[in-house]
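# Report on the structure
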Amino acid sequence: LLRQHAHASLSDRLASRPFLTLIEKNWITFQLLNALQSLHDAGVCHGHLTTENVLLTSWNWVMISDVGCQHFKPVALPDDDPGLWIHWFEGRGREFGGGNTGVGTQEITVGSGHLGSNGEKRCTLPPERFFTPGLVKDATKTTPTELAYSMDVFSLGCVLIELFLNGERALHLGD
């Protein structure tokens with residue numbers, strides 16, 4: 001319902017001219033921090049906050065999309081098989097070769113997921129969402145069964161790094 005009011009995703013906006021100024025980045029950061037706090041105050045965890053899920057109006061007002069999807073996507077993912085991650089979090093859809101990202105690297109976009117110029121998959125999911133199948137469980141490490149607010153904070157940190165580095169991703173899936 002809100003997509004029609006959005007001018008672009010943050011990911012699209014970071015790749016288009018005129019590039020965001022520092023004051024615009026600070027304004028977007030302020031709105032994202034407040035929006036995430038409002039979600040958490042309402043008892044909602046987003047579960048997959050990325051620059052593709054942050055929508056901007058033409059006046060740089062922020063809207064967070066895909067808020068209800070946390071009920072469908074898995075909380076824990078195996079760290080030795082990227083199949084579930086690719087299915088649920090990388091995105092699907094049209095494929096096209098990306099142009100220059102503005103910093104001298106090529107990027108290939110597949111739906112809402114991104115591959116770097118070296119083919120590495122990029123990720124904003126917190127490390128606690130990944131587990132090693134078959135590993136003997138010890139008392140200190142458990143596989144998460146539900147989302148936590150700290151997971152959203154980690155993802156928001158990745159989004160903010162990407163925002164202030166003009167579209168460069170914070171982490172690769174292998175990290």
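Here we summarise the structure given alongside this text. (Residues numbered from 1 in each chain as written. Predicted model: local features only at pLDDT ≥ 70, side-chain atom pairs only at ≥ 80, totals over all residues. Heavy atoms only, no water.)

For His71, the position within the fold is in the loop between strand 3 (62–64) and strand 4 (77–78). Between the C-alpha atom of His71 and that of Glu146, which follows or precedes it by 75 residues, the distance is 9.7 Å. (Helix = DSSP H or I, 4+ residues; strand = E, 2+ residues; numbered from the N terminus.)

Let us look at the packing of aromatic side chains. Per the counting criterion, the structure on display carries two aromatic pairs. Judged by centre distance (6.0 Å) and plane angle (20 degrees), the rings of Trp27 and Phe30 are stacked. Here the residue Trp27 and the residue Phe30 both occupy positions in helix 2 (residues 22–41), the gap between them amounting to three residues, near one helical turn. Accessibility expressed as a relative area gives 31% for Trp27, which makes it partly exposed. Its relative accessible area of 47% is what places Phe30 among the partly exposed residues. Ring centres of Trp27 and Trp61 lie 5.1 Å apart, and the angle between their planes is 85 degrees; this geometry places the pair in the edge-to-face category. A residue pair is termed long-range when its members are at least 10 positions apart, and Trp27 in helix 2 and Trp61 in the loop between strand 2 (54–56) and strand 3 qualify at 34 residues. An aromatic cluster of at least three residues, connected via ring pairs, comprises Trp27, Phe30 and Trp61. (Phe/Tyr/Trp six-rings, centres within 6.5 Å; stacked < 30°, edge-to-face > 60°. Buried < 20%, exposed > 50% of the residue type's maximum accessible area, 1.4 Å probe, protein only.)

Pairing is antiparallel in the open sheet, where three strands are placed in the order 1-2-3. The open sheet terminates on both sides in strands that have one partner only, identified here as strand 1 (8–9) and strand 3. Here three bridges tie strand 2 to strand 3, and the two strands are oriented antiparallel to one another. For Leu55, the partnering residue across the bridge sits in strand 3 and is Met63. On the sheet, helix 2 packs against strand 2 and strand 3 and is oriented at approximately 35 degrees with respect to strand 3. (Pairing = 2+ DSSP bridges. Contact = heavy atoms within 4.5 Å. Axes fitted to C-alpha atoms, helices over the stretch in contact; angles between N-to-C directions.)

Residues Leu10, Ile28, Leu32 and Leu163 are the most contacted members of the largest nonpolar core, which totals 16 residues. Elements that contribute at least two residues to this core include exactly helix 1 (10–14), helix 2, strand 2, strand 3 and helix 4 (149–164). Contacts of Leu163, omitting those with residues within four sequence positions, involve Leu10, Leu14, Leu20, Lys25, Ile28 and Thr29. (Core = buried A, V, L, I, M, F, W, Y, C linked by side-chain atoms within 4.5 Å.)

With that settled, consider a nonpolar patch on the surface. Side chains of Trp27, Phe30, Trp59 and Trp61 sit close together on the surface and give an oily, nonpolar patch of about 540 Å² of accessible area. According to the relative accessible area criterion, Trp61 is partly exposed, its value standing at 49%. (Patch = residues over 30% accessible without salt bridge, like charges linked within 9 Å, V, L, I, M, F, W, Y side chains within 5 Å. Areas by Shrake-Rupley, 256 points an atom, 1.4 Å probe, with all protein chains shown as cover. Salt bridge = Lys/Arg side-chain N within 4 Å of Asp/Glu carboxyl O.)

This part is about helix 4. Each full turn of the α-helix corresponds to 3.6 residues, which orients residues three or four apart in the same direction. With 16 residues, helix 4 should cover 22 Å at 1.5 Å per step; its first-to-last C-alpha distance of 23 Å lies within 8% of that length. Buried residues of helix 4: Met151, Asp152, Ser155, Leu156, Cys158, Val159, Leu160, Glu162 and Leu163, and no others. Asn166 lies just past helix 4 and shows a positive phi near 55 degrees. (Expected span 1.5 Å × (residues − 1).)

In this section: the side chain of Lys25. Among the structural elements, Lys25 can be located in helix 2. Of the side chains with opposite charge, Glu24 comes closest to the buried, unpaired Lys25, at an N-O distance of 8.4 Å. Polar side-chain contacts of Lys25 include one of 2.5 Å to the side chain of Asn166. (Lys, Arg positive; Asp, Glu negative; His and termini not counted. Polar contact = N/O pair within 3.5 Å; in protein donor to acceptor, adjacent residues only side chain to side chain.)

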